[in-house]
Amino acid sequence: MSEADLLFTNAHLATMVGGYGELRDAALAVKDGRIAWIGPRADAPPAARAHDCGGAWITPGLVDCHTHIVHAGNRSNEWEARLNGATYEDIARQGGGIMSTVRATREASVDALVAESLPRVRAMLREGVTTLEIKSGYGLELEAEARMLLAARRIGEQLGVRVRTTFLGAHALPPEFAGRADDYVTEVCERMLPRLAEQGLVDAVDAFCERIGFSNAQTERIFAAARALGLPVKLHAEQLSDQQGAALVARYKGLSADHLEYLSPEGVAAMAAAGTVAVLLPGAYYFLRETTPPPVAALREAGVPMAVSTDCNPGTSPMTSLLLAMNMACTLWRLTPQEALLGATLHAARALGLQDQIGTLEVGKQADLALWHIARPADLAYAIGFNPCKAVVKAGML
Ligand code: DI6
Ligand code: FE
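Each value, and the rule that gives it
- Residues numbered from 1 in each chain as written.
- Chains lettered and ligands numbered in written order.
- Predicted model: local features only at pLDDT ≥ 70, side-chain atom pairs only at ≥ 80, totals over all residues.
- Heavy atoms only, no water.
- Near = heavy atom within 4 Å.
- Polar contact = N/O pair within 3.5 Å; in protein donor to acceptor, adjacent residues only side chain to side chain.
- Areas by Shrake-Rupley, 256 points an atom, 1.4 Å probe, with all protein chains shown as cover.
- Axes fitted to C-alpha atoms, helices over the stretch in contact; angles between N-to-C directions.
- Helix = DSSP H or I, 4+ residues; strand = E, 2+ residues; numbered from the N terminus.
- Parallel < 35°, antiparallel > 145°, perpendicular 65-115°, else oblique.
- Left-handed = near helix turned anticlockwise from the far one by under 90°.
- Contact = heavy atoms within 4.5 Å.
- Nonpolar A, V, L, I, M, F, W, Y, C, P; charged D, E, K, R; others polar.
- Donors = N, O, S within 2.8 Å, 3.2 Å for Na, K, Ca; no water.
- Buried < 20%, exposed > 50% of the residue type's maximum accessible area, 1.4 Å probe, protein only.
- 1 Å grid on protein atoms, 1.4 Å probe; cavity = no way out; pocket = protein on both sides within 12 Å on 5 of 7 lines; lining within 4 Å.
- Points joined across faces, edges and corners; volume = space filled by probe spheres on them.
- Pairing = 2+ DSSP bridges.

For the rest of this paragraph, the subject is the site of ligand 1. Residues in close proximity to ligand 1 include R75, I98, Y138, H171, F208, H236, Q239, H259, N313, G315 and T316, which together make up its full environment. Interatomic distance of 2.6 Å between a side-chain N/O atom of Y138 and an oxygen atom of ligand 1. Between ligand 1 and Q239, the relevant distance is 3.0 Å, taken from a nitrogen atom to a side-chain nitrogen or oxygen of the residue. Contact with the protein chains hides 94% of the accessible area of ligand 1, taken as 320 Å² for the molecule alone.

Listed below in structure tokens is the structure:
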């Protein structure tokens, strides 16, 4: 090998290949933004520069594969009102809930959306995240959805983080289409999605398949439109009830089915057969004080890869900490710490279709790394509210 650009030495590696893939007292060389060599420190190749990690652990940069992190306003006022005795009906009558976020987001310019969202994204990145997915879905009309997706792209450029955008036009029914959900789905399929895709703003397509969202049949129309444009699909499935959304997304060879608290055994089998990732979102379960956990044991048994994500959104998971989501997945649902870390690296990369580029420490992959002051990899899911991230490396740049 010709001389490497940068050598990270005096480190322990969790490569996340075949579990933690631990390599102690190791080194990792970077060339042209990619991982060029991994091995025992004593055998390290020559490099233009070396960085002594001081015994830190290196993992793949973390991947948050399901966020609604771009939005305007927040709903702490409604949350406080509820804790003071107001009912959902009171709040809805005052125009609250998801529609209050839609109103605020529709009024916001791209610049305003970027400015409001940057602090949240920065908080997320401080904990070792190097790739995140950002959904639209609070605009619910072409221009406002475009502004959300543009803001997401701009945040990626500004912070040097890899952003994958997902069009979630079918997140809720906008008031202009009250009582005409099928007409709104037509608008999503025939106008919004094609135009946004044409502008290069859409990496994947999502929908909220739920009694309070869109039906299985409406979701399938959206998937068909996505497929016609060659875009991969994913789905908010089985969060509050079983709508057989997971089986539908599996039928479309979808990247992921997300939430899954009410997933049936048939849904598990369909996901296993299709290789669809189960994205687990314990923040929403916690914040909504839900009591039905997703069928983690069945997913594990069937060999369905499980990812863990924040679902960062103002209504049901106002959380920017992926490390906390990992802790919750272990504490609330009994994932092992190794499953949680795989869920925030390799399996999250897979949920974005990026497993060939990121998610593990392997020669040829992007040199997206997180350096941690920890004693062992399980510490990442163990501590609560403590950030052991020492440094982040994006495409080989510290
Ligand atoms: N499921 C959720 O939990 C969020 N969206 C979704 O599809 C809720 C979004 C919000 O209340 O703002
Ligand atoms: Fe979500």
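Here the narrative resumes, following the displayed structure.
Moving on to the packing of helix α4 (residues 110-126) against helix α5 (residues 142-159). Interaxial distance between α4 and α5 falls to 9 Å at its minimum, and their mutual angle equals 50°. One way to sum up the angle between α4 and α5 is to call them oblique. Once α4 is placed against α5, the crossing between them reads as right-handed. Facing V110, D111, L113, V114, S117, L118, V121, R122 and L125 of α4, the residues of α5 in contact are R147, M148, L150, A151, R154, I155, Q158 and L159. Looking at the contact of α4 with α5, its residues break down into 11 nonpolar, two polar and four charged.

Attention now moves to the coordination of the iron ion (ligand 2). Each protein donor to the iron ion (ligand 2) is listed here as H66 (NE2), H68 (NE2), H236 (NE2) and D311 (OD); together their distances run 2.1 to 2.3 Å. Among the residues examined, H236 registers a relative accessible area of 3% and is labelled buried.

Moving on to empty space enclosed by the protein. Throughout the structure, instances matching the rule amount to one cavity of 30 Å³ or more. Contributing to the lining of the largest cavity are E127, S321, L323, L324, A383, I384, G385 and F386. Tallied by class, the residues present in the lining of the largest cavity amount to five nonpolar, two polar and one charged.

Read from one edge of the open sheet, eight strands run β6-β7-β8-β9-β10-β11-β12-β13, paired in parallel fashion. At either margin of the open sheet sits one strand with a lone partner, and together these are β6 (62-64) and β13 (306-308). Here the average twist between neighbouring strands, direction ignored, is 25°. Here strand β12 (residues 277-280) pairs with β13 via three bridges, running parallel. Counterpart to A278 in the pairing with β13 is M306.

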